[in-house]
Amino acid sequence: ASPADATHFRAHFGGFRQWAVRTSKVCNVSWASADQQGLEANIERYRNSSVMHGSVAEEHRPLYLLNGVPVNFPKKTKKLWPPHESFGCRASSK
C-alpha cells in the first residue's frame, strides 16, 4: 500500500461506527511506530508471541504471504506460552 492509500484508509475508517451489528464501538486508526514497520520487524514481533501458541486457532494467527501465497511463519526462538484468558479483550473499567 502506498502512503496515499494509508491516508485514504485512515480518513475513511477513523471514527467508523456503521457496523453490521449494533454496538457502541468506534474504530480508531493510528500510525504504527517505527519499530513495527517492515517484514522483519513484524516477524520478530510475532514469532515468539503467545498468539503463535498451538492453542490459538490458525485463523487468528498472523498470515505470512510470499507473492500472495501463504508460507510457513518463521519458527519461534523461545518457548511460547498460551495467551492469557483475557487475550483479545479490553478492560472495560474506565
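The preceding data block contains the structure.
Source: prediction; values computed, not measured.

## Here we look at the side chain of Arg 47
Phase 1 of the analysis: Take Arg 47: it is sitting in the loop between helix 2 (39–46) and strand 1 (64–66).
Phase 2 of the analysis: On the accessibility criterion, Arg 47 (15% relative accessible area) is buried.
Phase 3 of the analysis: Side-chain polar atoms of Arg 47 contact the side chain of Glu 44, separated by 2.6 Å.
Phase 4 of the analysis: Polar contacts involving the side chain of Arg 47 include one to the main-chain carbonyl oxygen of Lys 75, which spans 2.9 Å.
Phase 5 of the analysis: Once you skip the residues sitting within four places of it in the chain, Arg 47 turns out to touch Met 52, Phe 73, Pro 74, Lys 75, Lys 76, Thr 77 and Leu 80.

## Details of the packing of aromatic side chains
Think of a pair of aromatic rings as described by two things: how far the centres are apart, and how the planes are tilted against each other in angle.
Phase 1 of the analysis: This structure, assessed with the given rule, holds four aromatic pairs.
Phase 2 of the analysis: For the ring pair Phe 9 and Phe 13, a centre distance of 4.6 Å and an interplane angle of 40 degrees mean the geometry is tilted. Taken together, the positions of Phe 9 and Phe 13, both in helix 1 (residues 3–13) and four residues apart, correspond to about one turn of that helix.
Phase 3 of the analysis: On the basis of relative accessible area, Phe 9 is assigned to the partly exposed category, the value being 44%.
Phase 4 of the analysis: Measuring from centroid to centroid gives 6.2 Å for Tyr 64 and Phe 73, while their planes differ by 75 degrees, and the two rings are edge-to-face. For the pair shown, Tyr 64 and Phe 73 are each scored as buried.
Phase 5 of the analysis: By way of ring pairs, the aromatic residues Phe 9, Phe 13, Phe 16 and Trp 19 are connected into one cluster.
Phase 6 of the analysis: Positioned over the ring face of Trp 81 is Lys 79, at 4.4 Å from the centre of the ring.

Conventions and cut-offs
Residues numbered from 1 in each chain as written. Predicted model: local features only at pLDDT ≥ 70, side-chain atom pairs only at ≥ 80, totals over all residues. Heavy atoms only, no water. Helix = DSSP H or I, 4+ residues; strand = E, 2+ residues; numbered from the N terminus. Buried < 20%, exposed > 50% of the residue type's maximum accessible area, 1.4 Å probe, protein only. Polar contact = N/O pair within 3.5 Å; in protein donor to acceptor, adjacent residues only side chain to side chain. Contact = heavy atoms within 4.5 Å. Phe/Tyr/Trp six-rings, centres within 6.5 Å; stacked < 30°, edge-to-face > 60°. Lys NZ or Arg CZ within 6 Å of the ring centre and 35° of its normal.

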